[in-house]
Amino acid sequence: MENKVKRNLPDNLMSEMGLKPFETVDIGNPEVNRVAPKVRVTTGADKVVNSLEEVIKRTVQDGMTISFHHHFRNGDFAFNKVMDLIIKLGYKNLTLAPSSLTGIMNDKVIEAIKKGVITDITSSGMRGSLGDFISHGGLKKPVIFRSHGNRARSIEEGEIKIDVAFLGVPNADPAGNANGQEGDAIFGSLGYALIDAQYANKVVLLTDNIVDYPNTPASIKQTQVDYVVKVDQIGDADKIGSGATRFTKDPKELKIAQMVNQVIVNSPYYKEGFSFQTGSGGAALAVTRYLRQSMINDGITASFALGGITKPTTDLLDEGLVKKVMDVQDFDKGAAASMAKNKDQQEIDASWYADPHNKGAVVNNLDIAILSALQIDTDFNVNVMTGSDGVIRGAIGGHQDAALAKMTIITAPLVRGRNATVVPAVATVVTPGDSIDVLVTERGIAINPKRPDLLAAFSKVTNLNIIDIKELQKMAEQQVGSPKALEYTDNTVALIQYRDGSIIDTIKQVKE
């Protein structure tokens, strides 16, 4: 079976799992149903339990689906605390459905898979040893990768049915009111966890900070919570940073950032009240700072900034250059701390952020999105999931979701090390070329032929080096040569969903 981005999909899996091939980035106006969680009524005002093991025994059964959030990222202590006990207690055939998997979780997930505790996984992404383990056939069933907006859609429509959500929070009162803004382990927005809290049959909060009732602001509410578990330490706020949340000194990244800024300010979307989303990498952060100076020089302010938020973005809010920040996740401690003091930094859940099947996600209002890529091909398809060796080492995140902005810009060096970034065909299609408008590399800028309006606008700008993407691909090949074709087995280790749940690509097992 071939989909619209010319990827061959396994007929047997597509049929057995009732899946549909990707057809279009046009979501349309479908009528969809929402589900509701099962609720066991409790009138108790004190839900605090000191034994995590006892709570797990009360809530978990073989074959269930359990979920976690990844807002702590590599500072997360909740996941391993829970999984240690679940493994010890001998549960089997669980589906793991976190918002994403970070490196600190890898060893525990691999252990749980080997012991038959976890037999299914759906996530936004994975890296490191876990990505390598899955890529070499470590899990019998294929992992399902979903974007953040698609995960929200899947939960709301009942495709993912969460039995128990274990949610680490930096504070909670005895009834279960909690937020991410106060305590020793703040991480700011609880955007991805809020969907779990709303739709899971059982919600368990883990915290090291029990505060007086009523705890406000209440991101997670007592109406959603079954148990509050007191633990010694819930996380390390100093490790929530992505590792790239500083102004880069890399000349190549700085050049790309300057070029991106020139694309933005010379586009038809750069005007009073425009909106944007940037990522957390060095080049993206540098774009934010260059854009700041352009906005000051031109007397322009933005209506809102969206997505994973960093301190450079909240600095724009403090300076009045951005009027609102719509915050689904914070990428550093500075952005997390900002939420507690600035009412214009609005916490939003993953559905409000990017569910394609609700009554209006914020991504639908984006003018400009600046995104990264591991690979981009001559049809503008983007890979953010697998490396040049075919191994899983990334995450969809909000990439597909934000890519439908009025102008989506991909930032990428022409090559990384000895590997081309601009290629004839990406190893894995994650975001389809129909939703990508501009590619910016240090060697030049490529405009998607489907955007003749942008090509006409940028052709008038003398300092923009516009090059056909096929020429950029040839430059990359001349620099690093043609790579040896990757070798895979016939075994499918992962399915890549598009935002609407259709299958845009698969990942095959890497040959030893």
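Residues numbered from 1 in each chain as written. Predicted model: local features only at pLDDT ≥ 70, side-chain atom pairs only at ≥ 80, totals over all residues. Heavy atoms only, no water.

J.: Explain the overall build of the chain here, please?
T.: Across its full length, the chain holds 15 helices and 25 strands. Projected onto its principal axes, the C-alpha positions of the chain cover 70 × 55 × 45 Å. In the chain, which comprises 512 residues, the proportion classed as buried is 60%. A fraction of 73% describes how many contacts in the chain between residues 6 or more apart in sequence connect residues 24 or more apart. By element, 46% of the accessible surface of the chain is carried by carbon and sulfur atoms, the whole surface being about 20500 Å². Computed over 56 positive and 61 negative side-chain charges, the separation of the two mean positions in the chain equals 1 Å. (Helix = DSSP H or I, 4+ residues; strand = E, 2+ residues; numbered from the N terminus. Buried < 20%, exposed > 50% of the residue type's maximum accessible area, 1.4 Å probe, protein only. Contact = heavy atoms within 4.5 Å. Areas by Shrake-Rupley, 256 points an atom, 1.4 Å probe, with all protein chains shown as cover. Lys, Arg positive; Asp, Glu negative; His and termini not counted. Charge placed at Lys NZ, Arg CZ, Asp CG, Glu CD.)

J.: Just checking my understanding: could you explain helix α10 (residues 311–318) for this structure?
T.: Each α-helix turn comprises 3.6 residues. Residues three or four places apart therefore point the same way. The complete set of buried residues in α10 reads P312, T313, T314, L316 and L317. Looking at the packing, one finds that the buried side of α10 touches β10 (274–277), α9 (282–298), β11 (302–309), β12 (322–330), α11 (333–339) and β13 (345–347).

J.: Help me understand the packing of α9 against α10 in this model?
T.: Two quantities define a packed helix pair, namely the angle between the axes and the distance from one axis to the other. At a minimum axis separation of 9 Å, α9 and α10 run at an interaxial angle of 20°. In terms of their interaxial angle, α9 and α10 are classed as roughly parallel. The way α9 lies across α10 gives a crossing that is left-handed. Packed against α9, whose contacting residues are L285, T288, R289 and R292, the element α10 presents P312, T313 and L316 at the interface. Here the residues of the contact of α9 with α10 are counted per class, giving three nonpolar, two polar and two charged. (Axes fitted to C-alpha atoms, helices over the stretch in contact; angles between N-to-C directions. Parallel < 35°, antiparallel > 145°, perpendicular 65-115°, else oblique. Left-handed = near helix turned anticlockwise from the far one by under 90°. Nonpolar A, V, L, I, M, F, W, Y, C, P; charged D, E, K, R; others polar.)

J.: Can you help me understand the packing of aromatic side chains in this one?
T.: For the structure shown, the criterion picks out six aromatic pairs. Judged by centre distance (5.8 Å) and plane angle (20°), the rings of F68 and F166 are stacked. Taken as a pair, F68 in the loop between β2 (65–67) and α3 (78–88) and F166 in strand β7 (residues 164–168) lie far apart in primary sequence, 98 residues in all. Accessibility expressed as a relative area gives 1% for F166, which makes it buried. (Phe/Tyr/Trp six-rings, centres within 6.5 Å; stacked < 30°, edge-to-face > 60°.)

J.: Even after reading the chapter, I still don't get the side chain of T313, so can you show me in this structure?
T.: With respect to the element layout, T313 can be found in helix α10. If near-sequence neighbours (up to four positions away) are discounted, T313 is found in contact with T278, T288, A305 and V325.

J.: I would appreciate a short explanation of the sheet that holds strand β25 (residues 503–510) in the present structure.
T.: Strand pairing in a sheet relies on backbone hydrogen bonds. The paired strands run either parallel or antiparallel. In spatial order, the strands read β1-β9-β8-β7-β2-β3-β4-β6-β24-β25; together these ten strands make up an open sheet with mixed pairing. Every other strand in the sheet has two partners, leaving β1 (48–49) and β25 as the edge strands with one partner each. Of the pairings in the sheet, the one linking strand β24 (residues 488–497) to β25 comprises six bridges and is antiparallel in character. Of the residues in β25, the one forming a bridge with Q497 is I503. (Pairing = 2+ DSSP bridges.)

J.: Would you mind going over the pattern of salt bridges with me for this structure?
T.: One side chain can pair with another of opposite charge once the charged atoms of both are near each other. Tallied over the full model, the rule gives 27 salt bridges. The salt bridge partner of D505 is R7, with a shortest N-O separation of 2.9 Å. Of this pair, D505 sits in strand β25 while R7 sits in the segment before α1 (11–16), placing them 498 residues apart in sequence. For the residue pair D505 and R7, the accessibility class agrees, reading buried in each case. Close ionic contact of E53 with K88 constitutes a salt bridge, the shortest N to O distance being 3.2 Å. Of this pair, E53 sits in helix α2 (residues 52–59) while K88 is found in helix α3, placing the two residues 35 residues apart along the sequence. Residues joined in a network through salt bridges with shared partners are R34, R153, E156, E157, E159 and D355. (Salt bridge = Lys/Arg side-chain N within 4 Å of Asp/Glu carboxyl O.)

J.: Where do I start with the pairing of β11 in this structure?
T.: On a regular strand, one side chain projects to one face of the sheet and the next to the other, so that they alternate. The element β11 is extensively covered by neighbouring structure, given that seven of its eight residues are classed as buried. When β10 meets β11, the two strands line up parallel, connected through four bridges. What sits directly across from S275, in β11, is F304. Each parallel crossover has a hand, and the one from β11 via α10 to β12 is right-handed. (Right-handed = clockwise from strand over helix to strand, strands pointing away.)

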